[in-house]
Every structure is written in structure tokens, then in C-alpha cells.
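One letter stands for each residue in the lines below.
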Amino acid sequence: MTRTSSRVRSSVAEIEIGRYLPLYNRLSDEQQYAYKLLLPGLAMMLLIHFIPIVWGVLISVLGVDSGYVSQWYEAPFVWAENYRFVLDPRTVVGERFWYSLRQTVIFSVGTLLLTYVLGLTAALLLNQRFKGRFAARTLLLLPWVAPSVVTLLIWRMMFQQQSGIINSLLLSLGVISEPIYWLIGDNTIWTLILVHSWTQFPLVMIMLYAGLQSIPEQLYEAASIDGAGRWEQFRYITFPQLKPVSAVVVLLMMLWTMINFTSPYILLGAQPPQSGQVSILYIYNFAFSNYQFGRGAAMSVVLFAIAMAMAMLYYKYLFDQDFTEGDR
Amino acid sequence: MSRVTIENLTKVYDSPSGSIEAVDDLTLAIDDGEFVVFVGPSGCGKSTTLRCIAGLETVTDGTIEFGAEDVTNRKPKERDIAMVFQNYALYPHMTARKNMAFGLKMSTDLSAGEIEDRVEETAQMMGIEELLADKPKALSGGQQQRVALGRAIVRDPAVFLMDEPLSNLDAKLRAQMRTELQQLQHDLDVTTVYVTHDQTEAMTMGDRIVVLNDGELQQVGTPLECYHRPANRFVAGFLGSPPMNFLPVEADLDAGALSHPSFSLSLSDSIGADLDATELVMGIRPEHGSLTTTPDEHPEPERLVEATVTVTEPMGDVTNVYLDIGGESVTVTAGGHLGLTDGESVWLYVPEAKLHLFDAETGTAIKHSDEPIESTRVSEASRYAETA
């Protein structure tokens, strides 16, 4: 142990955790120190993540409805009744919930694909040497840094069937012959993907851009001497070298899109068409307009479980692998 | 295999603070199968020249020809070259096998099986069959180096380009790889351009060395030519360790002598007649000076220069003696252990035949040492020894 760290340690050591947690005393000096450093972060996580999760799970097994809004703790314990109800495809709620899960998957995968393609293209362009690169980077970040409420409301106006600029533009270009309903009917999910991707692609861009910058120039030189053209250099050098950062991007975009509330809510509001009814929006609208908090919580837990399962599987099979190891 | 001809090559880098001339009007012909070493200090333009030959830099002016073909404006992949980089530049996400196969896959129509055979064959030659399944991260520096060389060799290119390929290895491995590379190049008989800042590599590896400084060609010649017949003061000072000693002298043509504030050396008439400058720099290789503590017993006492020993460095086989002559430092490498003490007075003897003289202003060589530069075969050498 170096002198500096022991000095820092003694100042933190005044918190006598051992008195309250006997197990703590069994940890090594170094582990105790690590836990002390983690404490503020853990406390924060407990407060804003863990407690609401436990609370949500608790409510999901209670019959909290309009009668118990202010006294939720007095609601009867109903075991898995809420789950049975929301997952039963024969009930209207169950059928809609399953449908919303399907739409959520389309929303997540669609957004992932679109943000990745847009982000990668933008990152590759930014990685070229040209005048005004800095300005272009700032400009491309705007959709992400601008307040999403503003961006989404503007998109909502632009997508109006009668007055929106998008329809009038497409009409005048002759791409379509009559105005399209973007925010009503079956197109809604695609509009949602488009708009949400617009707000998210700069993040993907900046992550991939950072990844691109860490690829040594010499690999491209070696490849060009080896006879690789521009496409082959992308295919065999750039893309594989971006694998680690892409893995992170894919995971984050999938999960964040699954639980994204802002985009669907602001774009589609409290009365969304079925096609745009992604789970999180459906849960919110269902729970808060019908005062069905127990069932709403059950759906939330299902969504949470799906997201966690995905993340864990992903970690296990993809994220955990070493991208530079050998074949053996 | 091919002959490489470089004519009036100039490379200028434009930067906001002005343009930098990295290579200035370089003309050079490299023979088919020749091993040429570019050597010079950092920033002398040796790597830039190599990169121009590779096609990684666009040439500002001049031409580069491979055989009879002008390749000046061709892309790297159209030049049939292979290059070894200082830090190997292996593809980190590919196994050694795929690293070696990549060039063949990109630039030839060979089937996967044929590529596999050639990779195996080269790996065997390099002794790296065991490493083929590993990715670069799992390999040591020396192993990565071998894979990088293998990747170049498997291509069977017209020209090998090597950019300081040994400088990331430790000293022992570097010496071993030096010999191995020479052997390899000899066996493959492929035109090779090798860049280094290490004069040992330059002296030992190349058929010819090309000495560069400040983007300008200083001298092209065999290692011994450059060492014993340096074209100018830069080459003389750059090659050799410890480096050549330089002392500013004035030629006193009437007296037929070189004079320095603290000594005067007489010159033979034949040398004196060739001098047209009076401000000169005298050069002495450390191994050409000899020391004596008994000047009276020396056969040529008038050619002795008095000096004071400042430091001695016994190296085992030889001893480097640092002398002070009128405030200037001179190094002499003497055989064995001399038992000199610091501060002791000694006399330095330099045979006239071994003296180098340079024009003080231009640095151009005026007189060289008479050391033989033609390689002497062992049998001939022993015959000379018998007759002597």
C-alpha cells in the first residue's frame, strides 16, 4: 500500500461501519477501503433505483386500484393475480400488453438499426479531414443536446397530415400523391422510430467517432500496402476494430429505447394509436387513466425483467468476450 | 524483384506555420536484389523517402520507378511491395494466420487452400507455425516481429520496405534478428530498402548505405566506403562509435603544417599541394590514435601531440580514453587496459595516412584515411600475410 492511499484511507476511516455490520470486519483492509469509496454512489443507487424497484414489485402483488390510491399499503395482497391478468392474451388488457411488447421490440430494434447506420455514417464522415470539421461535429450533436421536448414537438408539427411540412415537401417533390397519416394508424411506429433515432443518433455517432479515432493509422497503411481498397479497409479493419464500442452501443440503445418514455409520450400523447403504443406508454396510460396501479406495476415488472434478462444474456455471450484473443 | 530508381525526389509538407522540406531532390538507384540501408538522425527524411517509395505519401516532385515502370502516382496496392513497420502494425483482431493471409487474399486470385499453403510454408521458414492461431496480443514483441516479417515475406513482393523494424526489440534479440534478416534477404534475393537510425544496423546489414541529413543525400556507398571515405563531415561524424574527433586547424601552406593553438602537425608535400582552403577541420577516428607516455622513445616525436587524460572507460577488450587537448575533447580507443590515471599527461600519435581533413566552411572532405575499403577475402589476406 502506498503512502498516499493510506493517508486518504485514514480520513475516510472515521466512519465506523464495522459497528453496525459485523461482516464488514471480515473484509480485508483494501476491500473495506473500496466499499467506503463506493458508499456515496451506492447510497444514491439505493435511493433512486433500488427502492423504487422494490416498491414497484411490492405494488405489483397488491390489488392497488382507484380505491387505494392514497392508502396503497392497505390494498389486499393478491399474489400473482395482477400478472395473470396482464399476461392473459384473452383479456383486452393482456392482448394490448402483448401487442405493446411487440411494438416495443420493433421500436428498439428499429431505433438501434437506424441510429447505428446514421451514427456510423456521421462518424465516418467526421473522421475525414476537411475544413469546418469542428463546426460539423457541433452541428451534428445538436439533435441530442437540444431539449427533447422541443425537438419532439417540432417533429410532431412537421408530421401533421394537413399542415405538416413533410407531407407538403413530399407532395411537391412528387414522391407521394396524397398526404400520409404519419401520427395515426399503422405508420405511427415507423414515425416514432424515425423521430426517436433522430434524437439519439448523435450519441451513437460520438461513441463510434471516439472508437474510430483510437484505430491506429498504421493499420490502414499496412492494409493499403496489403492491397485493401477503401471498402475492404472498412470491412476488415474499421468495422472489426469498432466491435468493442459497437457492443456497448448496441446494448445501451436497445435498453434505453425499450424504456424510453419521452419520445413516444411527447410525439403521440395520452391517446396514441395502437401502432405507436409501446409498452412504457401503454403502461403509463393504462395505469394513470384507469387508476390500475397494481396491474400497471405488474406490467412494469415484466418489462423490467425482459430488459434485465436481455442485458444479462448480452453480457454473458457478447460483451464479456475478449475481442483480441486468439482462436484456441 | 526489381530495380528501384528514384529521381529528383522532393517531398514538402505544408503546415500552417510554413512548409517543411522533408526530402530535397534525392536521386538514387537501387539494384535488383540489393539491400540498401537508409540511415540518418531523426527528421533526416529517411522514413519519408521510404513512405514515398511505398506510396503512403504523395510525392511533391520527382519520379520513382520500379524496373522500367513509373510508379510515382500509383497507389500502394499497385506497387507490389511489402512493408514491415516499426511497431509491426499487425491487425489486432486477426490471428497471426489471418494477418499473414490478408495480403494474399486482397491482392491475388489464389484460392483459400493455396493461400493457406503459402502461409504455412512461410511460417515454417520463419519458425512461427506454433503461433499461427494466436492473435497479436498473445505474442511477445519478438514473436510479433516475426509474424510481421512473415506477413511481408509471404507476399513475395518485388520490393521489401522496412521502417526501423528492429528498434522495438531488446538488444540481444535485435542482434540476433539482424543476422537473421540479412540471411533471409540473401536467400530471398528481394530488393530491400531498410530504414534505421542505428549505425550498427547500417554498417552491418546493408550492401550499400544511404546517409541522409536534413532531407538531403549526404553519401551513398558501401558501409566501409562511408566509414573510411566519408564525403563530408556529417557522414564522418555520424558513422562510428565513439564518433570521429574533430579539431579545427589552420593550414599553414608555407610551413607545410596544420596548426592548432596547442599543437602543430607537419604535412607531407603531396597533401599540402592539394589544399586550397586554409580553414580546415581535422578528423581522427578514435581507433586510429595511439597513446604514449614516453615521447622520447617514439619514432616520430615531431608528430606527437601533448594531451591530458580526463576520463578512461575500460570496456574490457578496449579502453576509451578521453583526452583534453587545448580545451577540446578527443577520444582515443586503445587496445587492452592501459593503466592511465585521470589528469595524467600523455602524447597522442596520429599517422598522417589516417588523418581526415574537411573544409571548415562547407564540411566537404579534402583528405581521407587510407584504410582499405575493398572487402579482402580471407585467402588473399593470408597470402599477403605470408609475403610480408
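All figures in this text were calculated on a predicted structure; none of them were measured in a lab.

Colleague: For this particular structure, what's the right way to read the overall build of chain A?
Modeller: Helix and strand content of chain A: 15 helices and zero strands. For chain A, the residues scored as buried account for 41% of the 328 residues in total. Contacts spanning at least 24 positions in sequence make up 64% of the contacts within chain A whose residues lie at least 6 apart. Summing over all exposed atoms, chain A offers an accessible surface of approximately 19200 Å²; the carbon and sulfur share of this is 66%.

Colleague: Any chance you could explain the domain arrangement of chain B here in plain terms?
Modeller: By a widespread convention, an interface's size corresponds to the accessible area lost as its parts come together. Here chain B is partitioned into domain 1 (4-228) and domain 2 (244-367). Each of domain 1 of chain B and domain 2 of chain B has a C-alpha centre, and these two points are 40 Å apart.

Colleague: Which parts of the structure should I look at to understand the pattern of salt bridges?
Modeller: Should their charged atoms come close, side chains of opposite charge can pair. Residue and element names in this part refer to chain B. Counted by the stated rule, this structure contains 15 salt bridges over all chains. Linking E57 and K11 is a salt bridge whose minimum nitrogen-to-oxygen distance equals 3.9 Å. Linking E57 in the loop between α1 (46-54) and β4 (61-66) with K11 in strand β1 (residues 4-15), this pair joins segments that are 46 residues apart in sequence. When its relative accessible area of 7% is taken as the criterion, K11 is described as buried. When the shortest N-O distance is used, the salt bridge between E69 and R74 registers 2.7 Å.

Colleague: I keep staring at the layout of surface pockets and nothing clicks. Help me out?
Modeller: Rolled over the atoms, a probe with the dimensions of a water molecule shows which regions are left empty. Residue and element names in this part refer to chain A. Quantified by volume, the largest pocket comes out at close to 1300 Å³. If you go around the largest pocket, you meet 31 residues; those closest to its centre are Q128, E217, Y220, R230 and Q233. Put simply, the parts of the chain that give the lining of the largest pocket at least two residues each are α9 (188-213), α10 (217-225) and α11 (230-241). Looking at the lining of the largest pocket residue by residue, the class counts come to nine nonpolar, 11 polar and 11 charged. Taken as a whole, the second largest pocket holds about 1000 Å³ of empty space. Forming the walls of the second largest pocket are 31 residues, and the residues nearest its centre are P52, I53, G56, S300 and F304. Of all elements in the fold, only α3 (29-60), α12 (243-258), α14 (279-290) and α15 (293-319) reach the threshold of two or more residues within the lining of the second largest pocket. At 10 residues, α15 tops the list of elements feeding residues into the lining of the second largest pocket.

Colleague: Help me out: how do you make sense of the interface of chain A and chain B in this one?
Modeller: Chain A puts 23 residues into the contact, and the matching count from chain B is 29 residues. Summing both sides of the interface, chain A and chain B together bury roughly 2300 Å²; the carbon and sulfur share of this comes to 55%. Contact with chain B buries area across many residues of chain A, yet I225, D226 and Y236 of chain A alone supply 30% of it, more than any other trio. Summed over the shared surface of chain A and chain B, the number is two salt bridges. Residue E221 of chain A pairs with R51 of chain B through a salt bridge whose shortest N-O separation is 2.5 Å. Inspection of the region where chain A meets chain B yields 10 residue pairs in polar contact (both at pLDDT 80 or more). Elements represented by at least two residues in the side of chain A that touches chain B include exactly α10 and α11 of chain A. Of all the elements, α10 of chain A adds the most residues to the side of chain A that touches chain B, at seven residues. Residue composition of the side of chain A that touches chain B, by class: nine nonpolar, seven polar and seven charged.

Colleague: Help me out: how do you make sense of the pairing of strand β2 (residues 18-30) of chain B in this one?
Modeller: Residues and elements named next belong to chain B. Note that β1 and β2 share nine bridges and pair antiparallel. Residue pairing for β2: I6 is matched across the bridge by L28. Connecting β1 to the next strand, β2, in antiparallel fashion are two residues.

Colleague: Teacher, can you tell me more about the UniProt feature "transmembrane region" (unreviewed entry) in chain A here?
Modeller: Residue and element names in this part refer to chain A. Residues annotated in UniProt with the feature "transmembrane region" (unreviewed entry) correspond here to residues 37-62, 105-126, 138-158, 164-184, 191-212, 245-268 and 296-315. Strand forms 0% of residues 191-212 and helix 100%; the C-alpha atoms that close the span are 30 Å apart. Measuring from the first to the last C-alpha atom of residues 245-268 gives 32 Å, for a span that is 88% helix and 0% strand.

Colleague: Would you take a moment to explain the domain arrangement of chain A for this structure?
Modeller: All names here are of chain A. Domain annotation of chain A identifies domain 1 (3-60) and domain 2 (91-319). When each unit is reduced to the centre of its C-alpha atoms, the spacing between domain 1 and domain 2 is 36 Å. When residues of domain 1 are sorted by the area they lose upon contact with domain 2, I53, I59 and S60 head the list and together hold 79% of the total. Our count for the domain 1 to domain 2 interface comes out at zero salt bridges.

Colleague: Explanation requested: the nonpolar core in the structure shown.
Modeller: Buried together is how nonpolar side chains tend to be arranged in soluble globular proteins. Residues and elements named next belong to chain B. Membership of the largest hydrophobic core comes to 63 residues, with the highest contact counts inside it found for F38 and L161. Setting aside anything within four residues of it in sequence, one finds L161 in contact with L50, I53, A54, I81, A82, M83, V84 and V193. Counting 43 residues, the second largest nonpolar core, distinct from the first, contains F35, M205, I209 and L239.

Colleague: Quick question: what am I supposed to make of the packing of α9 of chain A against α12 of chain A here?
Modeller: The description of two helices packed together rests on the angle between their axes and the distance between the axes. Residues and elements named next belong to chain A. Two numbers describe how α9 lies on α12: the axes approach to 10 Å, and their chain directions differ by 160°. Relative to α12, the element α9 lies roughly antiparallel. As for the relative orientation of α9 and α12, their crossing is right-handed in sense. Only V245, S246, V248, V249, L252, M253, W256 and T257 of α12 make contact with α9, whose side of the interface consists of H196, Q200, L203, V204, M207, L208 and G211. Here the contact of α9 with α12 is built from residues that sort into 10 nonpolar, five polar and no charged.

Colleague: Explain the packing of aromatic side chains to me, please; I cannot follow it from the model alone.
Modeller: The description of two aromatic rings rests on the distance between their centres and on the angle between their planes. One pass over the structure, following the stated rule, counts 21 aromatic pairs over all chains. Taking 4.9 Å as the distance between ring centres and 65° as the angle between the ring planes, the aromatic pair formed by F261 of chain A and Y284 of chain A counts as edge-to-face. Taken as a pair, F261 of chain A in the loop between α12 and α13 (262-268) and Y284 of chain A in helix α14 lie far apart in primary sequence, 23 residues in all. With relative accessibility at 27%, the residue F261 of chain A sits in the partly exposed group. Pairing Y265 of chain A with Y284 of chain A gives two aromatic rings, centres 5.4 Å apart and planes at 80°, and the pair type is edge-to-face. Of the two residues, Y265 of chain A is situated in helix α13 and Y284 of chain A in helix α14; the sequence distance between them amounts to 19 residues. A residue is classified by how much of its surface remains accessible, and Y265 of chain A, at 30% relative accessible area, is partly exposed. By relative accessible area, Y284 of chain A is classed as partly exposed at 30%. One aromatic cluster is present, built from ring pairs that chain together F261, Y265, Y284, F288, Y291 and F293 of chain A. Positioned above the aromatic ring of F85 of chain A, the side-chain terminus of R295 of chain A is 3.5 Å from the ring centre. Positioned above the aromatic ring of Y13 of chain B is the side chain of K11 of chain B, whose terminal nitrogen or guanidinium carbon lies 5.0 Å from the ring centre.

Cut-off values and rules
- Residues numbered from 1 in each chain as written.
- Chains lettered and ligands numbered in written order.
- Predicted model: local features only at pLDDT ≥ 70, side-chain atom pairs only at ≥ 80, totals over all residues.
- Heavy atoms only, no water.
- Helix = DSSP H or I, 4+ residues; strand = E, 2+ residues; numbered from the N terminus.
- Buried < 20%, exposed > 50% of the residue type's maximum accessible area, 1.4 Å probe, protein only.
- Contact = heavy atoms within 4.5 Å.
- Areas by Shrake-Rupley, 256 points an atom, 1.4 Å probe, with all protein chains shown as cover.
- Domains from an automatic or database assignment.
- Salt bridge = Lys/Arg side-chain N within 4 Å of Asp/Glu carboxyl O.
- 1 Å grid on protein atoms, 1.4 Å probe; cavity = no way out; pocket = protein on both sides within 12 Å on 5 of 7 lines; lining within 4 Å.
- Points joined across faces, edges and corners; volume = space filled by probe spheres on them.
- Nonpolar A, V, L, I, M, F, W, Y, C, P; charged D, E, K, R; others polar.
- Buried area = accessible area lost by both parts, 1.4 Å probe.
- Polar contact = N/O pair within 3.5 Å; in protein donor to acceptor, adjacent residues only side chain to side chain.
- Pairing = 2+ DSSP bridges.
- UniProt positions renumbered as here; feature names shortened; annotations may be inferred.
- Core = buried A, V, L, I, M, F, W, Y, C linked by side-chain atoms within 4.5 Å.
- Axes fitted to C-alpha atoms, helices over the stretch in contact; angles between N-to-C directions.
- Parallel < 35°, antiparallel > 145°, perpendicular 65-115°, else oblique.
- Left-handed = near helix turned anticlockwise from the far one by under 90°.
- Phe/Tyr/Trp six-rings, centres within 6.5 Å; stacked < 30°, edge-to-face > 60°.
- Lys NZ or Arg CZ within 6 Å of the ring centre and 35° of its normal.

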